[in-house]
Every structure is written in structure tokens, then in C-alpha cells.
Amino acid sequence: MASIQDRWRRKDPATGRLVPTGLDGKGLRYRPQFRDPSGRQIMKGFALKRDAQRWLTEQTAHIVRGTYVDPGAGRTTFAEFYADWSSRQVWAPGTVLAMNLAAGSVPFADLPLRSLRRSHVEGWVKAMVNRGLAPGTVHTRVNNVRAVLRGAVADRLMASDPSVGVALPRRRRAAAAMTLPTAAQVGDVLQAADDAFRPFVALCAFAGLRLGEAAAVQVEDIDFLRRTLTVTRQVQRGGAGRVEVRPPKYGSERVVFLAPGLVDILAAHVAAFCPGGGWLFTGEAGQPPHQNTVGYRWRTTTAAAGIAGLRLHDLRHFYASGLIAAGCDVVTVQRALGHASATTTLNTYSHLWPSAEDRTRTAAQALLADSCGLSVDSEGSTSR
């Protein structure tokens, strides 16, 4: 039961008057106390009764709302909590590296959680911006640290997340940040690629595979009769030049429908380089190629093609843009690319879909052509 004790005065049971105690004039006079949800008695001293009542009211309200935080629990530092919390998380190895990098970069690692303020997070963000980190990198690190802080809130070590509302640098719009190679550029890269690497480029450009997914394809994943490719694994860096084969990103397991021409390219590659099956592409010791190996071959190929600044991942954007230009809907593109949700697809490629204005003009042009007996070509122009 909550109460406020007057340490300097007590009621005389005989007279009912307040009389001095042995602590009269010593220390803080008022001591509010209550029992927390675990049944432990919590108390604190105040000089003024109104301050004691205010504190007691706030703590009682937190208990009622379910937001109570043990004052002693907040002594745990950010680094101590992260070490304990991260050990209980189910993460992929890549996520472990990203989370450790973010948590290790904060300047408030040794600060008790109860002392952590929004200003500390703002100072960290500002320092990253001043160091020239890309906006996307800043966003990723803040989101990772925010997950830690939310874990502390859920464990009742903090009353609230101090990172909420912190301003982050603006990221470039997808339309401005994305590089879309032209069909001619893709053709030049394919022409410049050697026979063993050309199918790798083709899988990225005409099936939308990520680098790690293409590197992990096995001959058995390709159904040449049905012209499909099943994506069930990816290659990740394992350190010291090693590779690790793991399941693909969440939601990325999928069946890709292959163009007949791509099937022909893959069939010729299998016949020439891996007639016995196994990995479609190989690196050292018969293992799938490492990202660094693929990156080197890509840079060599684009240099031979006379194309600068083009990333291998841009071929995935090229594939997505082709699907959209052909009239594929959001869900179709999402499934083809292996995005976890249609939201991811829209956030990345919404600028490539025709706008309402485009569709209105096309529809109106079709109405005009029908009414006037005109024919409409592929670009929407009319003629008799």
C-alpha cells in the first residue's frame, strides 16, 4: 500500500498531536513508499511533502499503465544490456555483424540506461553525419540501435525510447538514387564477359537474382523443361576468403520463370562447364564464387565494355524495370524479385510504374482513336 511517512513527526496516540521523533531535523523529512509489481518495497526521501506526493502519484500511475520501471534497474549500461540482449536474439550472421557494428559505434555505450537522453542520440547522429557517412548508413545504424533501446523498454529498464523523434539525414529519393542501365549497356557487358561469367551476368539481368543468389545456383535448381529456376540459397562472406551457403533473405525463396533465351544460355553453360551437375559457377576449391571474386570479374568486364559506375546490383533494377514496363503488377514483381512484401517493392520501384496521368492520357487516346476510326501505335500516336 502506498503511503508517505513523516520522519520528523509522529502522532502521539494519547493526545493525537504531532510530536517530534528522534530523527527531527535530520535528513529529508518525507519518505513516500509503495510496492512495485514484484512486491518489493520502494521508497525515496523528499524535503517537501508536495514533491513526495507528486513522485508517489507518478510511480503509482506507471504501475497502473504497465509502464513502471524499477529505478535500480536503469543502472545497467547500454553496453551491458546489449551484451545480454543480443545473446538471446535469433539473427542471421550478417545481422550479427551489422548489429555489433551499430552498437559498438555509439558514444554512450558506458552510460547507464536511466541516464540516456535524446540529446545523446542526437549527438551520435550528428557525429556520423560530420564524418561523412551516407544517409542510408546513418538510418541503418540508428534503426539497429533503436531495436536495442526498444528491447530495454520492453524489459522495463527504461521508461521510453530516447531515439524516438530524432531527426535523421534525408535519403535520396529512389528515382534519383537508382541507376538503370540501358538495354544497350547490358548488351555491351554481356558481349565483354567471358564465356564462364556471361551466364552469371545474364541471371542478374534477366532473372533479377542478387549476387549471392546467383553464386549459389546449382544445376539441379534449373528445370530446363518447365523453364524455371528455384532460388533456395545464397552465398555470404565467411571471413578470410571463405564462403558460407545459407538460406536466402527472409521471403526470398521463390521460383523464377526464365525467358527461353536465358534457358539456352544456361544450357550451353552447363554443357561446357558443369555437365556433371553441382554448382553452376565455381570459385576456389570447387566452392561457389566469393563476393570478392565476382566483384573483381564484374569490374574487369565493365571496364572491357567501356562502362563506368555500373554495379552488378543495377542489373536487378534493370530486370524490375523491364517487368514493370511490360505491365506486370506489384505482386508479380514482388514475387519475381523475392521481396518480403509488396511494400518493399513499391518503396523501391514505385516511380517506375505509370502514373495516373499517364494512364488517363493513354485511355483518352484510345477513346479518341475508337471514335475517329484511327489506329494507335505502340507509343500512343494515332494514324488513319
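To be clear, the structure that these remarks concern was listed above.
Rules used throughout
Residues numbered from 1 in each chain as written. Predicted model: local features only at pLDDT ≥ 70, side-chain atom pairs only at ≥ 80, totals over all residues. Heavy atoms only, no water. Salt bridge = Lys/Arg side-chain N within 4 Å of Asp/Glu carboxyl O. Helix = DSSP H or I, 4+ residues; strand = E, 2+ residues; numbered from the N terminus. Buried < 20%, exposed > 50% of the residue type's maximum accessible area, 1.4 Å probe, protein only. Axes fitted to C-alpha atoms, helices over the stretch in contact; angles between N-to-C directions. Parallel < 35°, antiparallel > 145°, perpendicular 65-115°, else oblique. Left-handed = near helix turned anticlockwise from the far one by under 90°. Contact = heavy atoms within 4.5 Å. Nonpolar A, V, L, I, M, F, W, Y, C, P; charged D, E, K, R; others polar. Pairing = 2+ DSSP bridges. Core = buried A, V, L, I, M, F, W, Y, C linked by side-chain atoms within 4.5 Å. Polar contact = N/O pair within 3.5 Å; in protein donor to acceptor, adjacent residues only side chain to side chain. Phe/Tyr/Trp six-rings, centres within 6.5 Å; stacked < 30°, edge-to-face > 60°.

Colleague: Help me out: how do you make sense of the pattern of salt bridges in this one?
Modeller: Inspection of every chain in the model, using the stated rule, returns 15 salt bridges. We note a salt bridge from R9 to D24, for which the minimum N-O separation is 2.7 Å. Highlighted residues: R9 in strand β2 (residues 9–11) and D24 in the loop between β3 (18–20) and β4 (30–35), separated in sequence by 15 residues. A relative accessible area of 26% places R9 in the partly exposed class. Residue D24 is classed as partly exposed on the basis of its relative accessible area of 33%. Here R118 ties to E122 by a salt bridge, and the two come within 3.0 Å at their closest N and O atoms. One end of the pair, R118, and the other, E122, are both in helix α4 (residues 118–130), four residues apart, so they sit about a helical turn from each other. Among the residues examined, R118 registers a relative accessible area of 40% and is labelled partly exposed. By relative accessible area, E122 is classed as partly exposed at 35%.

Colleague: It is not clear to me how the packing of α4 against helix α5 (residues 135–154) should be interpreted in this structure. Could you clarify?
Modeller: When two helices pack together, their arrangement is given by the angle between the helix axes and the distance between those axes. One can describe the packing of α4 onto α5 by two numbers: an axis separation of 11 Å at closest approach and a directional angle of 155 degrees. Relative to α5, α4 is oriented roughly antiparallel. Like other packed secondary-structure pairs, α4 and α5 cross with a definite hand, here right-handed. In contact with W124, V125 and M128 of α4, α5 contributes V138, R141, V142 and V145. Per-class residue counts for the contact of α4 with α5 are six nonpolar, no polar and one charged.

Colleague: Can you walk me through the packing of helix α8 (residues 198–207) against helix α12 (residues 314–325) in this structure?
Modeller: Look at α8 against α12: their axes get within 6 Å of each other, and the N-to-C directions meet at 40 degrees. Overall, the two elements α8 and α12 adopt an arrangement that is oblique. Residues V201, C204, A205, F206 and A207 of α8 pack against L315, R316, F318 and Y319 of α12. Split into classes, the residues belonging to the contact of α8 with α12 amount to eight nonpolar, no polar and one charged.

Colleague: I keep staring at unusual backbone geometry and nothing clicks. Help me out?
Modeller: Across residues other than glycine, the phi torsion is negative in most instances, and most of the peptide bonds are trans. Unlike most non-glycine residues, R156 shows phi in positive territory, near 60 degrees. When you line up the elements, R156 lands in the loop between α5 and α6 (174–177). Despite not being glycine, A285 shows a phi value in the positive range, around 55 degrees. Relative to the helices and strands, A285 is located in the loop between α10 (260–273) and α11 (291–305).

Colleague: Help me understand the sheet that holds strand β5 (residues 41–43), please; the structure alone is not making it clear to me.
Modeller: Backbone hydrogen bonds hold the strands of a sheet together, and the pairing may be parallel or antiparallel. Ordered in space as β1-β4-β5, the three strands form an open sheet in which the pairing is antiparallel. Each end of this open sheet is capped by a strand with a single partner; those strands are β1 (3–6) and β5. Strand-to-strand twist across the sheet, computed as the mean angle between neighbouring axes with direction ignored, equals 30 degrees. Strands β1, β4 and β5 of the sheet are contacted by helix α1 (residues 49–65), whose axis makes an angle of about 10 degrees with β4.

Colleague: Is there a simple way to explain the nonpolar core in this structure?
Modeller: Generally speaking, a soluble globular protein has its nonpolar side chains buried in company with each other. One finds F200, L203, L209, L258 and L280 to be the most contacted residues of the largest nonpolar core, which totals 50 residues. Among the elements of the structure, α7 (183–192), α8, α9 (211–215), β7 (228–231), α10, α11, α12 and α13 (330–337) are those that each provide at least two residues to this core. Of all the elements, α8 adds the most residues to this core, at seven residues. Non-local contacts of L280, meaning those with residues more than four positions away in its chain, are made with L203, V217, Q218, V219, I222, L266, H269, V270 and C274. F108, L116, V138 and V142 belong to the second-largest nonpolar core, a separate cluster that totals 26 residues.

Colleague: Would you take a moment to explain the side chain of D36 for this structure?
Modeller: Mapped onto the secondary structure, D36 falls in the loop between β4 and β5. Taking relative accessible area as the criterion, D36 reaches 7% and is therefore assigned buried. Here R40 takes part through its backbone nitrogen, which lies 2.9 Å from a polar atom of the side chain of D36. Other than its neighbours up to four places away in sequence, D36 contacts I42, I63 and Y68.

Colleague: Help me understand the packing of aromatic side chains in this model?
Modeller: Ring pairs (aromatic) are described by centroid distance and by the angle formed between their planes. Under the counting rule described, the total for this entry stands at ten aromatic pairs. Where F81 meets W85, the ring centres are 6.4 Å apart and the plane angle is 25 degrees; that geometry is what we call stacked. Of this pair, F81 and W85 are both found in helix α2 (residues 78–86), four residues apart, which corresponds to roughly one turn of the helix. With a centroid separation of 6.4 Å and an interplanar angle of 65 degrees, the aromatic rings of F206 and F318 are classed as edge-to-face. You can see F206 sitting in helix α8 and its partner F318 sitting in helix α12, a full 112 residues away along the chain. By relative accessible area, F318 is classed as buried at 16%. In this structure an aromatic cluster arises from ring pairing among F81, Y82, W85 and W91.

Colleague: In this structure, what is going on with the sheet that holds strand β6 (residues 222–223)? I would like to understand it.
Modeller: Sheet architecture is open: three strands sit in the order β6-β7-β10, paired in antiparallel fashion. The outermost strands of the open sheet, each flanked by one partner alone, are β6 and β10 (254–257). Across two bridges, the pairing between β6 and β7 is antiparallel. Bridging from a neighbouring strand, D223 pairs with T228 of β7.

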